[in-house]
Amino acid sequence: MAFRFEKPSGWTFKAGQAMDMTLLEPSETDAEGNTRAFTIASAPHEESLMVATRMRDTAFKRVLGTMPLGTAVKIEGPFGNLTLHNNAARTAVFLAGGIGITPFRSIVFRAAKEKLPHSMFLFFSNRRPEDAPFLEELLTMERENPNYKLIATMTETAKSHRSWNGETGLINWEMLSRYLKNAASPIYYIAGPPGLAKGLHETLVKSSVDDDDIRTEEFSGY
Ligand SMILES: Cc1cc2nc3c(=O)[nH]c(=O)nc-3n(C[C@H](O)[C@H](O)[C@H](O)COP(=O)(O)OP(=O)(O)OC[C@H]3O[C@@H](n4cnc5c(N)ncnc54)[C@H](O)[C@@H]3O)c2cc1C
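Residues numbered from 1 in each chain as written. Predicted model: local features only at pLDDT ≥ 70, side-chain atom pairs only at ≥ 80, totals over all residues. Heavy atoms only, no water.

Colleague: Give me the lowdown on the pattern of salt bridges, citing residues and values where you can.
Modeller: Summed over all chains, the structure comprises 14 salt bridges. A salt bridge links Arg 105 to Glu 137; the nearest nitrogen and oxygen atoms lie 2.6 Å apart. Of this pair, Arg 105 sits in helix α2 (residues 102-113) while Glu 137 sits in helix α3 (residues 135-144), placing them 32 residues apart in sequence. On the basis of relative accessibility, which here comes to 30%, the residue Glu 137 falls in the partly exposed class. Among the ionic contacts, a cluster of salt bridges with common partners joins Glu 28, Asp 57 and Arg 62. (Salt bridge = Lys/Arg side-chain N within 4 Å of Asp/Glu carboxyl O. Helix = DSSP H or I, 4+ residues; strand = E, 2+ residues; numbered from the N terminus. Buried < 20%, exposed > 50% of the residue type's maximum accessible area, 1.4 Å probe, protein only.)

Right, here's the structure in full:
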């Protein structure tokens, strides 16, 4: 589910950064408290400040999901370094699973708007197409930015009601190599729940990618 907030005037952030969000006087709370970190899924030029999250049955998310339009929240930040490198001679490779797409949505939208010259590959893994947040607009972005390619992969197509002609199975080195044959000294970016982030990081290191060229954001809390 995505939530859009009015951007406080003068408040700026870089595509890929996160912020802490605190619910003010929520109707219920639990041991985890009233604050969560969320990546800003919108790009800096977009009008609203958007976060997207996997809705689970926690007090925070029950309140977030049902609070009336216009409710104020407190935000702190921005923070985080999962921002695009400056050197456009190097390819950007984004690896996301599920909700880990949020920083890359922001970066990909920024790149299209600013016509950045970076070559970019976004590998995006989900169980089924209907579970994949922002899938359609991420695909549409290929038309806006010739330097960007989306490689979406589904791991449980048998459970889907939609047809799927794209990649299937987990993101692995074989899949990456097929698309990155001519990629110039790639920098890899990984985002998502800790298990997925650690797994992808391990895949890269085992395949002799230099640790210096891997940037990871773990969505702790999942
Ligand atoms: C830098 C950063 C960026 C982040 N960006 C995002 C983002 O863009 N989008 C996003 O969704 N999250 C993001 N997160 C994670 C986010 O802050 C929350 O931790 C996460 O959404 C879980 O919150 P919750 O209220 O569902 O669970 P919490 O109440 O925080 O859960 C606490 C623990 O309970 C367990 N738990 C609770 N409910 C369930 C359930 N239904 N099934 C299994 N286990 C459960 C989990 O083990 C969890 O560790 C980010 C975190 C960081 C640090």
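Colleague: Summarise the packing of α2 against α3; cite the residues concerned and give the values.
Modeller: Between α2 and α3, whose axes approach to 10 Å, the crossing angle comes to 25°. Considered as vectors, α2 and α3 are oriented roughly parallel to each other. Two packed elements cross with a definite hand, and for α2 against α3 that hand is left-handed. Residue-level contacts link Arg 105, Val 108, Phe 109 and Ala 112 of α2 to Glu 137, Leu 138, Met 141 and Glu 144 of α3. Residues belonging to the contact of α2 with α3 are distributed by class as follows: five nonpolar, no polar and three charged. (Axes fitted to C-alpha atoms, helices over the stretch in contact; angles between N-to-C directions. Parallel < 35°, antiparallel > 145°, perpendicular 65-115°, else oblique. Left-handed = near helix turned anticlockwise from the far one by under 90°. Contact = heavy atoms within 4.5 Å. Nonpolar A, V, L, I, M, F, W, Y, C, P; charged D, E, K, R; others polar.)

Colleague: An account of the pairing of strand β6 (residues 92-97) is requested, with residue identities and associated values reported.
Modeller: With six of six residues buried, β6 lies mostly within the body of the structure. When β6 meets strand β7 (residues 120-126), the two strands line up parallel, connected through six bridges. Within β7, the position partnered with Gly 97 by the bridge is Ser 125. Read from β6 through α2 to β7, the crossover connection turns out right-handed. Pairing analysis gives five bridges linking β6 to strand β10 (residues 187-192), with the strands arranged parallel. Bridged to Val 93 within β10 is Tyr 188. (Pairing = 2+ DSSP bridges. Right-handed = clockwise from strand over helix to strand, strands pointing away.)

Colleague: Give a description of the packing of aromatic side chains that names residues and reports values.
Modeller: Under the criterion given, the structure shown has five aromatic pairs. With 6.0 Å between their ring centres and 40° between their planes, Trp 11 and Phe 13 make a pair best called tilted. Residues Phe 123 and Tyr 179 carry aromatic rings whose centres are separated by 5.8 Å and whose planes lie at 80° to one another, so their mutual orientation is edge-to-face. Residue Phe 123 is found in strand β7, and its partner Tyr 179 is found in helix α4 (residues 173-179); the two are separated by 56 residues along the sequence. For Phe 123, a relative accessible area of 0% corresponds to the buried category. One aromatic cluster is present, formed by Phe 94, Phe 104 and Tyr 189 through successive ring pairs. Over the ring of Phe 109 we find Arg 105, and its NZ or CZ is 3.8 Å from the ring centre. Its guanidinium or amino end placed over the ring of Phe 134, Arg 105 lies 5.2 Å from that ring's centre, counting from NZ or CZ. (Phe/Tyr/Trp six-rings, centres within 6.5 Å; stacked < 30°, edge-to-face > 60°. Lys NZ or Arg CZ within 6 Å of the ring centre and 35° of its normal.)

Colleague: Which residues make up the site of the ligand, and what values go with them?
Modeller: Inspection of the region around the ligand gives 19 residues, with Ala 37, Thr 53, Thr 58, Lys 61 and Tyr 222 positioned closest. Here a nitrogen atom of the ligand sits 3.0 Å away from a polar atom, N or O, in the main chain of Ala 52. Tyr 222 places a side-chain nitrogen or oxygen 2.6 Å from an oxygen atom of the ligand. Within the complex, 73% of the 950 Å² of free accessible area of the ligand lies under protein. Top contributing element to the shell around the ligand by residue count: strand β3 (residues 35-39), with four residues. For the shell around the ligand, a count of residues per class yields six nonpolar, six polar and seven charged. (Near = heavy atom within 4 Å. Polar contact = N/O pair within 3.5 Å; in protein donor to acceptor, adjacent residues only side chain to side chain. Areas by Shrake-Rupley, 256 points an atom, 1.4 Å probe, with all protein chains shown as cover.)

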